[in-house]
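Breakdown of the fold
Here is what each chain is made of, one letter per residue.
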Amino acid sequence: MANALGDTGVLEFMLIIGNLKKNKRTGWVIRDVPAPESVADHMYRMAILAMLLEEKSQENGNAAAKIIDKTRCIKVALVHDMCEAIVGDITPYCGVSVEDKHRQEKEAMISMCQNLKKEVADEILSLYEEYENQVTVEAQTVKDLDRFEMILQAYEYELSQQRADNPQYLEEFFASTKGKFKNPQVVRWVKKLTEMRDVFHSPSRNGTPEVPNGGSSNLVNGHTPASGKTVP
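Residues numbered from 1 in each chain as written. Predicted model: local features only at pLDDT ≥ 70, side-chain atom pairs only at ≥ 80, totals over all residues. Heavy atoms only, no water.

Going by an unreviewed UniProt entry, the chain carries the name 5'-deoxynucleotidase HDDC2 and comes from Hypsibius exemplaris. The UniProt entry for the chain carries the following text under Function (unreviewed entry): "Catalyzes the dephosphorylation of the nucleoside 5'-monophosphates deoxyadenosine monophosphate (dAMP), deoxycytidine monophosphate (dCMP), deoxyguanosine monophosphate (dGMP) and deoxythymidine monophosphate (dTMP)." Annotation of the chain in UniProt includes, under Catalytic activity (unreviewed entry), the sentence "a 2'-deoxyribonucleoside 5'-phosphate + H2O = a 2'-deoxyribonucleoside + phosphate". (UniProt positions renumbered as here; feature names shortened; annotations may be inferred.)

The next subject is the nonpolar core. Nonpolar side chains tend to gather and get buried jointly when the protein is soluble and globular. Residues Phe-13, Trp-28, Met-82, Ile-124, Phe-148, Ile-151 and Leu-170 are the most contacted members of the largest nonpolar core, which totals 50 residues. Contributions of two or more residues to this core are made by helix 1 (2–17), helix 3 (39–51), helix 4 (70–79), helix 6 (98–113), helix 7 (118–133), helix 8 (137–160), helix 9 (171–175) and helix 10 (184–200). By residue number, the principal contributor to this core is helix 8, which donates 10 residues. With near-sequence residues (within four places) excluded, Phe-148 lies in contact with Leu-49, Phe-181, Val-186, Trp-189, Val-190 and Leu-193. (Core = buried A, V, L, I, M, F, W, Y, C linked by side-chain atoms within 4.5 Å. Buried < 20%, exposed > 50% of the residue type's maximum accessible area, 1.4 Å probe, protein only. Helix = DSSP H or I, 4+ residues; strand = E, 2+ residues; numbered from the N terminus. Contact = heavy atoms within 4.5 Å.)

Below, the discussion takes up the environment of Lys-143. Within the secondary structure layout, Lys-143 lies in helix 8. When the C-alpha positions of Lys-143 and Ala-77 are compared, they lie 8.6 Å apart, and in sequence the two are 66 residues distant.

Relative to the elements of secondary structure, Thr-141 occurs in helix 8. At 2.7 Å, the side chain of Thr-141 and the backbone oxygen of Val-137 are in polar contact. In this structure Thr-141 touches Leu-53, Ile-68, Cys-73 and Asn-183, once residues within four positions along its chain are discounted. (Polar contact = N/O pair within 3.5 Å; in protein donor to acceptor, adjacent residues only side chain to side chain.)

On to the packing of aromatic side chains. Geometry of an aromatic ring pair is reported as the spacing of the ring centres plus the angle between the planes. Tallying each qualifying case throughout the model produces four aromatic pairs. Pairing Tyr-155 with Phe-200 gives two aromatic rings, centres 6.3 Å apart and planes at 85°, and the pair type is edge-to-face. You can see Tyr-155 sitting in helix 8 and its partner Phe-200 sitting in helix 10, a full 45 residues away along the chain. In this structure Phe-200 comes out as buried when scored by relative accessible area, which is 0%. (Phe/Tyr/Trp six-rings, centres within 6.5 Å; stacked < 30°, edge-to-face > 60°.)

On to a nonpolar patch on the surface, then. Side chains of Tyr-44, Ile-48, Met-51 and Leu-52 sit close together on the surface and give an oily, nonpolar patch of about 420 Å² of accessible area. Mapped onto the secondary structure, Tyr-44 falls in helix 3. (Patch = residues over 30% accessible without salt bridge, like charges linked within 9 Å, V, L, I, M, F, W, Y side chains within 5 Å. Areas by Shrake-Rupley, 256 points an atom, 1.4 Å probe, with all protein chains shown as cover. Salt bridge = Lys/Arg side-chain N within 4 Å of Asp/Glu carboxyl O.)

The residue Asp-32 is not glycine, and still its phi comes out positive at about 60°. Residue position: Asp-32 is located in the loop between helix 2 (26–29) and helix 3. Phi angles above zero are rare outside glycine, and Ala-35 is one such case at about 45°. On the secondary structure map, Ala-35 appears in the loop between helix 2 and helix 3.

As a working rule, side chains carrying opposite charge can pair if their charged atoms are close by. According to the stated counting rule, one finds 18 salt bridges in the structure shown. The salt bridge partner of Lys-101 is Glu-105, with a shortest N-O separation of 2.9 Å. Note that Lys-101 and Glu-105 are positioned in helix 6 at a spacing of four residues, about one turn of the helix. Salt-bridge contacts for Lys-143 lead to Asp-146; the nearest nitrogen and oxygen are separated by 3.9 Å. Taken together, the residues Lys-143 and Asp-146, both in helix 8 and three residues apart, mark about one turn of the helix. Where salt bridges share partners, they join Glu-158, Glu-171, Lys-178 and Arg-197 into one cluster.

If you want it as structure tokens, here you go:
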């Protein structure tokens, strides 16, 4: 009987989680981006980025290297926006205070996890609080991934919509992240992405977006899969 009840709790939980595949990212929606990504889209690619992290993160000018728990980063990435399955993607444009946003999101997390086994619920809630508190190197690294995935998605939208003629298109997303990245590896990714975007918006460009080696040409043809994110 206990197992049956536990299984029911898991299924109820996963049905709520399913909303993440439907809930669109507010930042793209309010800017009328066609076929904006879902919250699940965003979280999935963040988890993949976490898999690509170097476990030793060398600080610039510092001989000491920070050891990063990649598995924990993946878990934090998968949990950090989980509450949006209930409350949706609340952004500064929604007119909700930071305090009220945190209250709504925490209540949503507790409600979602209430029918899970205690040890599982405790782990999920702990990962959520870790990200919110931004004290651990893992939480800070996932915050970097959150911002990087956002501007990577913004760049993809510029490519798919052939917006090389307008350097200001979605610029606010890039501007909102400048100077905020801490992880040296993510800093390198941002630098490379910025270089690619500069080429795309260059006046001397001959009309063909730069797509990385191995990249999908459907980005050039405007058929990128549905995706997107909001300014922090």
